[in-house]
Amino acid sequence: MASSRNLTRFWEWGRKIICVGRNYTEHAMELKNTIPTEPVLFLKPSSAYVREGASVLIPYYSSNLHHEVELGLVIGKLGKAISQEAAMDHVAGYVLCLDMTARDIQEECKKKGLPWTLAKAFDTSCPVSDFIPKEKIPDPHNIKIWLKVNDKVRQESNTASMIFSIPYLISYISKIIALEEGDLILTGTPKGVASVQENDEMKAGIDGILSMKFTVRKQSH
Ligand SMILES: O=C([O-])CC(=O)C(=O)O
Ligand SMILES: [Mg+2]
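What you are looking at is a predicted structure, and each value in this text was computed from that prediction instead of being measured.

Draft legend 1. Spatial organisation of the coordination of the magnesium ion (ligand 2). The coordination sphere of the magnesium ion (ligand 2) contains the protein donors E68 (OE), E70 (OE) and D99 (OD), at a distance range of 2.0 to 2.1 Å. Mapped onto the sequence, the donors of the magnesium ion (ligand 2) take the spacing E-x1-E-x28-D. Within this pair, whereas E70 is found in strand β6 (residues 69–75), its partner D99 is found in the loop between β7 (91–98) and β8 (101–102), the two being separated by 29 residues in sequence. Accessibility assignment for this pair places E70 and D99 in one class, buried.

Shown next as structure tokens:
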């Protein structure tokens, strides 16, 4: 059944944020990770959302916050074990996202075999752009996403370089976790991830579609 809520403001719905990691070979290599044979998945809570106008916060326990620019898929209808053929019918639209990552904490978690929650799921760890209706991106596997810090390009890549395609990701994820209207899937970041400092300005965009800006601040504790 269609919801009476406005999907173009899906971040207000409190639904799941499912993140794919290591989906671009050169990014997996820059962090000295192996190239995955199946998607790497982790979650962020909906309290991670932040919209333009508010700041992205460096968590008080981290001294190495990284940007990761990613294409986000906004799910438009419920699905479980979705076939690759039907996968795009479940996409209502797109957003540009930043998967903000406390890299120092993630490295510690990896060493200790602990989950990535503190590294990935803190408040303001998921900046999102305005909603982009599906029709505006006819081929999501051929768009250029980029991110600049203080006007210097840090990340710039075509989504054609994804290891696992969008239909593959939707099919794979939905066999494990039911996808609901208003959920968001982050499709992984290309190479070029690096630190941001207090007062830095991050600007990210999808060529020809939109751009967004966020200022970095320190969380007080
Ligand atoms: O932290 C990581 O490198 C995994 C990840 O999110 C990505 O590849 O986008
Ligand atoms: Mg990521």
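Draft legend 2. How the structure looks around the environment of K112. Take K112: it is sitting in helix α2 (residues 103–112). Along the chain, K112 and I176 lie 64 residues apart, while their C-alpha atoms are 26 Å from each other.

Draft legend 3. Just the confidence of the model for the protein, in detail. Here the protein averages 96 in pLDDT, while 98% of its residues score no lower than 70. No element of the protein has a lower mean pLDDT than helix α1 (residues 25–30), which averages 91, and none a higher one than strand β13 (residues 184–186), which averages 99. Scored as a complex, the prediction yields pTM 0.97 and ipTM 0.98.

Draft legend 4. Quick look at the sheet that holds strand β16 (residues 210–218). With mixed pairing, five strands are arranged side by side in an open sheet as β4-β16-β15-β11-β12. Both outer strands of the open sheet, β4 (56–58) and β12 (152–158), are each paired with one neighbouring strand and no more. Averaged over all pairs of adjacent strands, the angle between strand axes in this sheet comes to 20 degrees, irrespective of strand direction. Where strand β11 (residues 144–149) and β12 come together, six bridges link them in antiparallel fashion. In the strand pairing of β12, K144 is matched with N158.

Draft legend 5. Seen up close, empty space enclosed by the protein. Scanning the entire structure with this criterion turns up one cavity of 30 Å³ or more. In this structure, the largest cavity encloses a volume near 100 Å³. Among the elements of the structure, β1 (17–21) and α2 are those that each provide at least two residues to the lining of the largest cavity. With three residues, the top contributor of residues to the lining of the largest cavity is α2. Here the lining of the largest cavity is built from residues that sort into four nonpolar, six polar and seven charged.

Draft legend 6. Inspection of the site of ligand 1 at higher detail. Taken together, 14 residues lie around ligand 1, and R22, H27, D99, Q106 and K120 are the ones closest in. At a separation of 2.7 Å, an oxygen atom of ligand 1 approaches a polar backbone atom of R22. The contact in question runs from an oxygen atom of ligand 1 to an N or O atom on the backbone of T189, over 3.0 Å. For ligand 1, whose free accessible area comes to 260 Å², the fraction covered by protein is 99%.

Parameters at a glance
Residues numbered from 1 in each chain as written. Chains lettered and ligands numbered in written order. Predicted model: local features only at pLDDT ≥ 70, side-chain atom pairs only at ≥ 80, totals over all residues. Heavy atoms only, no water. Donors = N, O, S within 2.8 Å, 3.2 Å for Na, K, Ca; no water. Helix = DSSP H or I, 4+ residues; strand = E, 2+ residues; numbered from the N terminus. Buried < 20%, exposed > 50% of the residue type's maximum accessible area, 1.4 Å probe, protein only. pLDDT = per-residue confidence, 0-100. Pairing = 2+ DSSP bridges. Axes fitted to C-alpha atoms, helices over the stretch in contact; angles between N-to-C directions. 1 Å grid on protein atoms, 1.4 Å probe; cavity = no way out; pocket = protein on both sides within 12 Å on 5 of 7 lines; lining within 4 Å. Points joined across faces, edges and corners; volume = space filled by probe spheres on them. Nonpolar A, V, L, I, M, F, W, Y, C, P; charged D, E, K, R; others polar. Near = heavy atom within 4 Å. Polar contact = N/O pair within 3.5 Å; in protein donor to acceptor, adjacent residues only side chain to side chain. Areas by Shrake-Rupley, 256 points an atom, 1.4 Å probe, with all protein chains shown as cover.

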